[in-house]
Amino acid sequence: MSQCDETFVGPGETVSQSLHDQILVPPNLRKRHQDIIFRSLRNGSQKSAIADRHGRPSAGGRTLPIAGTFVPFHERDLCRRWSDPSYRAAQYRLLKEIGLNTLILLTGNLGGVCYDSRHYAHICDTDLVDTVLKESSRLGMEIWIGLPHVEIAWMLQPRIRLTRLLETSRLLIEEILQKYGQYDNFHGWYIPYELCNVFVEESEDPSCLPNWVNSIAMCCKLMPGDRPTAIAPYFTVTDGPDAFKRLWENVFRRLSMVDVIMMQDSVGIFKEDRLLELPLCFRILKSLAEAHGKRLWADIEIFDQQAGVPLDWEPWTAAPAPYKRVIRQMQLVSEYVERIVTFSYFDYMNPAAGPIAGQLYRQYHQCLTSYDSNTAGRAEETKVSSAGESVRQET
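I will try to describe carefully the structure that is included in this document. (Residues numbered from 1 in each chain as written. Predicted model: local features only at pLDDT ≥ 70, side-chain atom pairs only at ≥ 80, totals over all residues. Heavy atoms only, no water.)

A closer look at the overall build of the chain
What counts here: We count a stretch as a helix when DSSP gives it H or I for four or more residues in a row; a strand needs E for two or more, and each element gets its number in order from the N terminus. Only protein chains enter the accessibility calculation, which uses a 1.4 Å probe; a residue is then buried when its area is under 20% of its type maximum, exposed when over 50%, and partly exposed in between. Any two residues whose heavy atoms approach within 4.5 Å are treated as being in contact. Note on areas: these come from Shrake-Rupley sampling with a 1.4 Å probe, and a residue is covered only by the protein chains present in the view.
The helix and strand tally for the chain stands at 14 helices and 14 strands. Per-residue burial over the chain gives 59% buried out of 395 residues. Put simply, of all contacts in the chain between residues at least 6 apart along the chain, 78% involve residues at least 24 apart. Looking at the chain as shown, the accessible area adds up to about 16,000 Å², and 49% of this sits on carbon and sulfur atoms.

Below, the structure written as structure tokens:
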């Protein structure tokens, strides 16, 4: 048994592809998986649950820009496009123009991975992890490499299955380090197993899920290079701020090997209700991160969900979010986090993704570079920290 295996205490969490994809879930788990995902994506708070739902950041606080994005290389179409050198060159230019210098690579799932692996099929001809590391090093970009998802119904697996999946993760970590450990801009590890309070609460042992994630982080930490580890959990608010704080206190306390918490804001799913909850929830999360020596980032959703769980049982679809809502998301979390990243530029803000995404890109780019107060019906001056500049921004 490896050192990684010894750190795993309790049946916990495993690897997943997409919260909305049922194809890879074994038939015997499909209904249970659908039910628990549905509950995890239902925000159960009432308007009285959080006393200061309408809390706002302190007056005059700076608004952080979006500093990075997840790169969904588990999507075959994106892999195909990124295999084209001219397409990559154009994308790097667009990313740099709006200051997205942090890339978090989602490298694949059971259907295949975007690099040359001994363990899983290669879904494109180009080793995109190697290509991105090599090309982005000249651009000063920071790359986080995510482990492939290899089990979507991770929250429902028995202990013996989880232990095997932990060993699979260790093999993938060793392979990634062997192939890419020489790159200086391989900044950190991303563990793509999204903890949610619903999964923790419904586990027979509430420590199991955080402990399993921590075991994966331990495997990363045992590798040479002393690279930080990150996860991107999400939350619902069901029983008010005191219960919220207690639960996430227990989670943070068990994630001793995780350095960065990229907390999802879930605004793309929960919409206006979640906007009202963000200040208090992120204030609590900031205090917990500081107490447990972690860096808190915000993972803001720049999409607007149109179908799928929890709205309905149709296939999951979304469109780019309205520009003003994206700016509001940034404003509401900036006081509490070190960095803002997004899911996902490539689907919802990339000009190559369509005219609506292109419009969002242009609006955001303009807010970083210029502002004409005569064109806005209502505006306030907000400091936006971007590349050492302060600009004025529409609200």
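Okay, back to it.
Observations concerning the packing of aromatic side chains
What characterises a pair of aromatic rings is the spacing of the ring centres plus the angle enclosed by the ring planes. Using the following cut-off: Only Phe, Tyr and Trp rings are paired, with Trp represented by its six-membered ring, and only when their centres lie within 6.5 Å; those with planes under 30 degrees apart are stacked, over 60 edge-to-face, the remainder tilted. Charge-over-ring placement is defined geometrically: NZ (Lys) or CZ (Arg) within 6 Å of the ring centre, and within 35 degrees of the ring normal.
The final tally for this structure, using the stated rule, is 17 aromatic pairs. Ring centres 5.6 Å apart and planes at 75° place the aromatic pair F73 and W82 in the edge-to-face group. Of the two residues, F73 and W82, both sit in the buried class. With centroids separated by 6.4 Å and ring planes inclined at 85°, the aromatic side chains of W248 and F252 adopt a geometry described as edge-to-face. Of this pair, W248 and F252 both sit in helix 9 (residues 240–254), 4 residues apart, which is roughly one turn of the helix. Here the two residues W248 and F252 agree in accessibility, since each one is buried. Clustering of aromatic rings is evident, with ring pairs tying together F73, W82, Y92, Y345, F346 and Y361. Above the face of the F186 ring, R227 is positioned so that its terminal group lies 4.1 Å from the ring centre.

Let's talk about the side chain of T69
Here T69 shows up in strand 1 (residues 66–72). Not counting residues within four places of it along the chain, the set of residues in contact with T69 comprises L95, L100, T102, L103, I104, V341, T342, S344, Y345 and F346.

With respect to the nonpolar core
Where we set the bar: Buried Ala, Val, Leu, Ile, Met, Phe, Trp, Tyr and Cys residues form a nonpolar core when they are joined through side-chain atoms within 4.5 Å.
In terms of nonpolar packing, the biggest core is built from 112 residues, with F73, W248 and F282 touching the most fellow members. The dominant element in this core, judged by the number of residues it contributes, is helix 11 (residues 272–291), at 9 residues. The contact partners of W248, leaving out residues within four places of it in the chain, are L195, N197, P233, Y234, F235, M263, L285 and L288. Ranked by size, the runner-up nonpolar core spans 11 residues in total, among them F70, I104, W144 and V341.

Here we look at the pattern of salt bridges
Definition in use: Salt bridges are defined as contacts in which a side-chain nitrogen from Lys or Arg sits within 4 Å of a carboxyl oxygen from Asp or Glu.
All chains considered together, the criterion is met by 15 salt bridges. Salt-bridge contacts for R339 lead to E142; the nearest nitrogen and oxygen are separated by 2.8 Å. Residue R339 is found in strand 12 (residues 339–343), and its partner E142 is found in strand 5 (residues 142–146); the two are separated by 197 residues along the sequence. The buried category is assigned to E142, whose relative accessible area is 17%. E167 is the partner of R170 in a salt bridge, and the nearest nitrogen-oxygen pair spans 2.1 Å.

Notes on the environment of I327
Along the chain, the position of I327 falls in helix 12 (residues 323–334). Looking at I327, the relative accessible area reads 0%, which means it is buried. Note: C-alpha distance between I327 and Y364 (37 residues apart in sequence) is 8.4 Å.

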